[in-house]
Amino acid sequence: MLKKYLFLTKPGILFGNFVTTLGGFFLAAQGSVDFLLLLITLLATTLVVASGCVVNNVIDQDIDQKMQRTQNRALVKKTISPTVALIFATVLGLLGFGMLWFFVNAYAFGFAVLGFVVYVGFYSLWSKRTTIHQTVIGSISGASPPVIGYTAVSNEFDVAALLIFLAYALWQMPHSWGIAIYRFDDYKNAGIPILPVARSILRTKVESLIYVILFAAVLNGLYCFGYTNLFFLITFNGLCAYWVYLSIIGFKAENDQVWAKRYFLYSVILITALSFSFSFSYVSPAPHLPLF
């Protein structure tokens, strides 16, 4: 039974957001890590994300049964009731938000609220089913965890926080479209108007390449504004160069699903490597460029 509740929280998404929260924290810590604060921030953020994922499961019951990869979820199989799932989500959310408010700071709490509201309200309840721009809207929630991690340490929203928010939102686009091409039939059967289904796979490949380039350009701003060192510059651009390469060879792919799976998996590798690279990318003294 515990396994069913665990899978309601979407462990893959939890891992991804755990890693990006860690990256934001490492960037702000600049080599001086408060491990207790790190533990609280990671746990609290994970609880909030888990709460949102459980609510998403409740909302998506009707379309989950139409998709091969989701048709065995507990709510679809009715092994957990929607009411129990919502109670579970509420407990997770209260714990996570409470920890951020009482033990971290208002900035981290605020971005957790932003991510949750966008994911549950603007993405799950509305845009996922109605508009091709769903991925753009959903990217806001995906970009919130690294900012939670960053502001947990900095206790302010500065230029670096803005850059990672924008960059991680941009990363979401080709990452999500890679999944959509790989699982094209699932999305089509469920009637989800994501870009490759609503327009074409070719257009998706073109836009993915554009977003990869924008992602690289924005996050290079961390080096330009003095937040990171040469190690970051070389490592990050090397990772992005290969993602650009994968984007380009996608135009000649004989099998779009095989290419898309590779493309999606590399996006996960890239963001994981990037997040851990921040622990070696600090500079001294760190710049102080607050926005609010």
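Residues numbered from 1 in each chain as written. Predicted model: local features only at pLDDT ≥ 70, side-chain atom pairs only at ≥ 80, totals over all residues. Heavy atoms only, no water.

### Observations concerning the overall build of the chain
At step 1: Along the backbone of the chain there are 16 helices and 0 strands.
At step 2: The C-alpha atoms of the chain give a radius of gyration of 19 Å, which matches the 19 Å a tight globule of 292 residues would have.
At step 3: Over its C-alpha atoms, taken along the principal directions, the chain stretches across nearly 55 × 50 × 30 Å.
At step 4: For the chain, the proportion of its 292 residues judged to be buried stands at 53%.
At step 5: Relative to all contacts within the chain whose residues are 6 or more apart in sequence, the contacts with residues 24 or more apart total 75%.
At step 6: Where the 18 positive side-chain charges of the chain centre and where its 11 negative ones centre are 10 Å apart. (Helix = DSSP H or I, 4+ residues; strand = E, 2+ residues; numbered from the N terminus. Rg over C-alpha atoms; globule rule 2.2 N^0.38 Å. Buried < 20%, exposed > 50% of the residue type's maximum accessible area, 1.4 Å probe, protein only. Contact = heavy atoms within 4.5 Å. Lys, Arg positive; Asp, Glu negative; His and termini not counted. Charge placed at Lys NZ, Arg CZ, Asp CG, Glu CD.)

### Regarding the nonpolar core
At step 1: The biggest cluster of nonpolar side chains holds 90 residues, and the ones touching the most others in it are Phe215, Leu219, Leu222 and Leu274.
At step 2: In terms of residues, this core owes the most to one element, helix H10 (residues 159-182), which gives 15 residues.
At step 3: Residue contacts for leucine 219: discarding those within four places in its chain leaves Leu163, Ile164, Ala167, Phe232, Phe236 and Leu274. (Core = buried A, V, L, I, M, F, W, Y, C linked by side-chain atoms within 4.5 Å.)

### Considering the packing of aromatic side chains
At step 1: Applying the stated criterion across every chain yields a total of 19 aromatic pairs.
At step 2: Considering the side-chain rings of phenylalanine 232 and phenylalanine 236, the 5.3 Å spacing of their centres and the 5° angle between planes classify their relative orientation as stacked. Here phenylalanine 232 and its partner phenylalanine 236 are both found in helix H15 (residues 230-249), 4 residues apart, which amounts to about one turn of the helix.
At step 3: Using a relative accessible area of 1% as the deciding quantity, one classes phenylalanine 236 as buried.
At step 4: Taken together, the ring pairs in this structure connect Phe215, Phe232, Phe236, Trp243, Trp259, Tyr263 and Phe278 into an aromatic cluster.
At step 5: In this structure, lysine 205 is placed above the aromatic ring of tryptophan 259, and the distance from its NZ or CZ to the ring centre is 5.1 Å. (Phe/Tyr/Trp six-rings, centres within 6.5 Å; stacked < 30°, edge-to-face > 60°. Lys NZ or Arg CZ within 6 Å of the ring centre and 35° of its normal.)

### A short note on unusual backbone geometry
At step 1: Residues serine 284 and proline 285 are joined by a peptide bond in cis, for which omega reads 0°.
At step 2: Assignment of secondary structure puts proline 285 in the segment after helix H16 (256-277).
At step 3: Unusually for a residue other than glycine, glutamine 30 sits at a positive phi of about 50°.
At step 4: Among the secondary structure elements, glutamine 30 is positioned in the loop between helix H2 (11-29) and helix H3 (35-59).
At step 5: The exposure class assigned to glutamine 30 is buried, which follows from its relative accessible area of 15%.
At step 6: One non-glycine residue, asparagine 155, lies in positive phi territory at about 55°.
At step 7: Mapping asparagine 155 onto the fold places it in the loop between helix H9 (144-154) and H10.

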